[in-house]
Amino acid sequence: MNAFKLIVEKDIRLALTQGGSTMWVIMFYLLTITLFPLAVGPDPEILSRIASGVIWVAVLLAVLLSLDRLFKPDFEDGTLELLALAPIRMELVVIAKVLAHWVTTGLPLSIMAPIMGVLLSMDPNGYPALVVAMMLGTAVLSLIGAIGAALTLGIRRGGFLLSLLVLPFFVPALIFGVMAVDSTISGTMARPNFMILLALFLVSTALAPLATSAALKINLE
Amino acid sequence: MSNLHQFANPTRFLKMSSTLLPWVGALTGFLLVYGFWQALFVSPPDYQMGEAVRIMYVHVPSAYMGMLVYGSMAFASAIALIWKHPLADIAAKCSAPIGVAFTGLALATGMLWGQPMWGTFWVWDARLTSVLLLFFIYLGYIGLWLTIEDTSRASRAAAILALVGSVNLPIIHYSVEWWNTLHQPASLLRLDGPTIDPGMLPALLSLIVGYTTFYITILLWRMQKELIVRKIRALQILRSNQ
């Protein structure tokens, strides 16, 4: 448990002090969302119709871009090898790193989501649902994205392949995340969507670390 | 010399598949000819759709094959990861392009069928979306093989991806039951038995089996080619070492 805590703290500290990754992620988030009113027009009717979807897509892309820093820096300077040799299971290392990644990426994105909702004239009744759904959803994205990041670890310029690998698996979280927010706003049955999001989160937490650590071991030989 | 010993098992496969190939190929040819004759001339037109129903005889077998090939790919990947059988990852690698082609065909023929029948080329319902995702997962799998240079690393990474992606298969199959979709519900693989007009069954079933034997033929052919390519590469390495 001590090793787990240490890895989480190290990753969070590195993310916050080195290169300000959280800041870049939020900047990208803001810029992407700004593009939509500029492209689609400022009519609040239209914007509020697409608001939840646009916010979710922006979060998806931001998480996708941030996956690069999940394993690559540690792989390149040899830390990952040391972690693999350490007396802690590789799956726990993965969970620790994904947790740190989520705290520095998914969590800030979720908390700032209502502000993005304001930019897109989103119905304020949806804000609490948006934050909760997004916290669950971004956790799923970090977990599933870790599999892709681990698979493409050794490939030069593997960023595009990472996107191709990971986006099909992001789609369920996207679909149910948007439906959770939209159904809350429109007053129809919202609970099943949150339940499915929660199910996605639980299944990813159970299975993604297994696939990720298997993929990491391939690249560590 | 020791490099060549690793091909002992595959050599047996090469011999076996060389004997099998003409037979499977002939069976495929026969089934496809019979199936298409049935589909185009003998089977009855649908009471609602008329002659356009004949697209089904290309669409349904392609869709089945897209899923069947992925299933065998995932199965072969599991064997490759667990037992490290030398032919398993080659089988998976060679299946992928066949599978992506079948899936693409299923999507394309579905679109061609959709426009005259339901007035739209595409709709984002559960069945079509999940099959499109299957198409992308195939592409990602092929992408991994193409971009990772080391063969053994590529095979293990691709195997993991194939297994992770297999969660999509039950979603595709049950998508028409779990959601309201434009795509029609299952009329063949059902617990109560097929609900389809029996006059359509010979064409449909013979084409499904024909497409499957087609897959086996092409798979064996591609596996032979892959093994020969690897042999050549090993010989080139040997020669450059001397």
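The structure this text deals with has already been given above.
Everything numeric in this text was worked out from a predicted model, so none of it was measured.

The rules behind each value
- Residues numbered from 1 in each chain as written.
- Chains lettered and ligands numbered in written order.
- Predicted model: local features only at pLDDT ≥ 70, side-chain atom pairs only at ≥ 80, totals over all residues.
- Helix = DSSP H or I, 4+ residues; strand = E, 2+ residues; numbered from the N terminus.
- Buried ≥ 20, exposed ≤ 12 C-beta atoms within 10 Å, placed from the backbone.
- Contact = placed C-beta atoms within 7 Å.
- Nonpolar A, V, L, I, M, F, W, Y, C, P; charged D, E, K, R; others polar.
- Expected span 1.5 Å × (residues − 1).
- Bend = angle between axes of the 7 residues up to and from the residue.
- Core = buried A, V, L, I, M, F, W, Y, C linked by C-beta atoms within 7 Å.
- Axes fitted to C-alpha atoms, helices over the stretch in contact; angles between N-to-C directions.
- Parallel < 35°, antiparallel > 145°, perpendicular 65-115°, else oblique.
- Left-handed = near helix turned anticlockwise from the far one by under 90°.

Asks: When you look at the overall build of chain B in this model, what are you seeing that I'm missing?
Replies: Looking only at helices and strands, chain B features eight helices and zero strands. If you list the helices and strands of chain B from N to C, you get α-α-α-α-α-α-α-α. Residues counted as buried form 34% of the 242 residues belonging to chain B. Partitioning the intrachain contacts of chain B with sequence separation of at least 6 by distance along the chain shows that 78% fall at a separation of at least 24.

Asks: I tried to follow the interface of chain B and chain A on my own but got confused; where do I start?
Replies: When the parts come together, some accessible area is lost, and that loss is often what is quoted as the size of the interface. Contact residues are listed per partner, giving 15 residues for chain B and 14 residues for chain A. In terms of residue count, helix H5 (residues 126-147) of chain B provides more of the side of chain B that touches chain A than any other element does, eight residues in total. Of the residues contributing to the side of chain B that touches chain A, the split by class is ten nonpolar, three polar and two charged.

Asks: How should helix H10 (residues 191-219) of chain A be read in this particular structure?
Replies: Each α-helix turn comprises 3.6 residues. Residues three or four places apart therefore point the same way. The end-to-end C-alpha distance of H10 of chain A, which contains 29 residues, comes to 41 Å, matching closely the 42 Å that a straight helix rising 1.5 Å per residue would cover. Along H10 of chain A, the largest kink reaches about 35 degrees and is centred on Thr205 of chain A; proline Pro209 of chain A follows within four residues of it.

Asks: How do you make sense of the nonpolar core when you look at a structure like this?
Replies: Soluble, globular proteins show a tendency: their nonpolar side chains are buried together. Counting residues in hydrophobic clusters, the biggest one holds 122 residues, and the most contacted among them are Ile55, Val59 and Ala215 of chain A together with Ala92, Ala157 and Leu161 of chain B. Considering each element in turn, this core owes the most residues, 15 residues, to helix H8 (residues 127-151) of chain A. With residues up to four places along the chain from it excluded, the contact list for Ala157 of chain B reads Leu151, Ala215 and Ile218 of chain A together with Leu144 and Ile148 of chain B.

Asks: Explain the packing of helix H4 (residues 88-118) of chain B against H5 of chain B to me, please; I cannot follow it from the model alone.
Replies: Between two packed helices, what matters for the description is the angle formed by their axes and the separation of those axes. Residues and elements named next belong to chain B. Direction vectors running N to C along H4 and H5 enclose 150 degrees, while the axes themselves pass 9 Å from each other. Between H4 and H5, the interaxial angle falls into the category roughly antiparallel. At the point where H4 passes H5, the crossing takes the left-handed sense. Every residue of H5 that contacts H4 at Lys93, Ala96, Pro97, Gly99, Val100, Thr103, Gly104, Ala106 and Leu107 is listed here: Val131, Leu132, Leu134, Phe135, Tyr138, Leu139, Tyr141, Ile142 and Trp145. Here the contact of H4 with H5 is built from residues that sort into 14 nonpolar, three polar and one charged.

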